[in-house]
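Residues per chain, in single letters:
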Amino acid sequence: MTVTARPTWTTSTSRPDHPDAVLLLREYMSEMVVRYHRRPALPGEVDAALAEMPSDDLAEPSGLLLLSHHGPDLAGCAGLRWQPGWAELTRVFIRPEHRGAGGGAALLAAVEEQARAAGADRIRLDTRHDLVEARALYARHGYAEIPAYSHGPYADHWFEKRLS
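Residues numbered from 1 in each chain as written. Predicted model: local features only at pLDDT ≥ 70, side-chain atom pairs only at ≥ 80, totals over all residues. Heavy atoms only, no water.

Caption draft 1: Just the overall build of the protein, in detail. Secondary structure summary: the protein contains four helices and seven strands in total. Counting helices and strands in the order they occur from the N terminus, the protein gives β-α-α-β-β-β-α-β-α-β-β. Projected onto its principal axes, the C-alpha coordinates of the protein cover approximately 55 × 45 × 30 Å. Buried positions account for 44% of the 164 residues belonging to the protein. Pairs at least 24 apart in sequence give 61% of the contacts found in the protein among residues at least 6 apart. Carbon and sulfur atoms make up 55% of the accessible area of the protein, which totals about 8,900 Å². (Helix = DSSP H or I, 4+ residues; strand = E, 2+ residues; numbered from the N terminus. Buried < 20%, exposed > 50% of the residue type's maximum accessible area, 1.4 Å probe, protein only. Contact = heavy atoms within 4.5 Å. Areas by Shrake-Rupley, 256 points an atom, 1.4 Å probe, with all protein chains shown as cover.)

Caption draft 2: Representation of the sheet that holds strand β5 (residues 122–127) in the model. A sheet is described by the order of its strands in space; here seven strands give the open sequence β1-β2-β3-β4-β5-β7-β6, paired in mixed fashion. This sheet does not close on itself; its edge strands, each paired only once, are β1 (9–14) and β6 (144–145). Judged from the six bridges that link them, β5 and strand β7 (residues 157–162) form a sheet pairing that is antiparallel. If you follow Asp126 over to β7, its bridge partner there is Trp158. Lying on the sheet, helix α3 (residues 103–117) is in contact with β1, β2 (63–70), β3 (73–83), β4 (86–94), β5 and β7; it crosses β3 at an angle near 35°. (Pairing = 2+ DSSP bridges. Axes fitted to C-alpha atoms, helices over the stretch in contact; angles between N-to-C directions.)

Caption draft 3: Summary view of the layout of surface pockets. Estimates place the volume of the largest pocket at around 960 Å³. If you trace the largest pocket, you find 40 residues lining it, with Tyr28, Val92, Thr127, Leu131 and Tyr138 closest to the centre. Among the secondary structure elements, those contributing two or more residues to the lining of the largest pocket are α1 (19–37), β4, α3, β5 and α4 (132–140). In terms of residue count, the dominant contributor to the lining of the largest pocket is β4 (seven residues). Within the lining of the largest pocket, the residues separate by chemical class into 19 nonpolar, nine polar and 12 charged. (1 Å grid on protein atoms, 1.4 Å probe; cavity = no way out; pocket = protein on both sides within 12 Å on 5 of 7 lines; lining within 4 Å. Points joined across faces, edges and corners; volume = space filled by probe spheres on them. Nonpolar A, V, L, I, M, F, W, Y, C, P; charged D, E, K, R; others polar.)

Caption draft 4: Representation of the pairing of β5 in the model. For β5, a buried count of five out of six residues is recorded, marking the element as mostly surrounded by other parts of the structure. For the crossover from β4 across α3 to β5, the handedness is right-handed. (Right-handed = clockwise from strand over helix to strand, strands pointing away.)

This is the structure in C-alpha cells:
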C-alpha cells in the first residue's frame, strides 16, 4: 500500500503590503462582499470595502498578519490587532481549495501562540451572522460567545478565548 504524505501547514508573519498579503486580503474581502450581498461583487465594491476596512494596522506596533502555506501553496491569512492586555482576531481566511484540510485550526493555533508571546491574556473577535463556518470554527476551538465589545456595522456575534 502506498501512503501519500499530506502537505503540512506553516505560518509566517508578513507586512500587509507584501504582494502575497495583498493578494490574500483582496481574496478575503472579495468573499466577504459576495457573501454579504449574496451576488457577485460589482466593479469597485471590493476596493471600497478594502478602503472602508483597511488592514495596514496589522503590522507592528499595532498588530500582526500571519500568512499560511499548505505545503508550498499560499493558502490563507489571519491578523491580530493589539489591545491593552488582549488581542483582536481579524481577517481569518483560507482559500477555498485548501478548506477542510485543517488550515483554520493551524491559523488559530499560530495566532494564539503569537498573542501569548505578546502578553495577551485573551483573544476577542467579532463576526457576521452569515459566516456560519467561521462561527463553528471558533466554537470548536474554545471561543465562547460574549456580549458585544464593539459596534461595527458588520458585527453580529462576538467571541472570546482566554489564553491561560
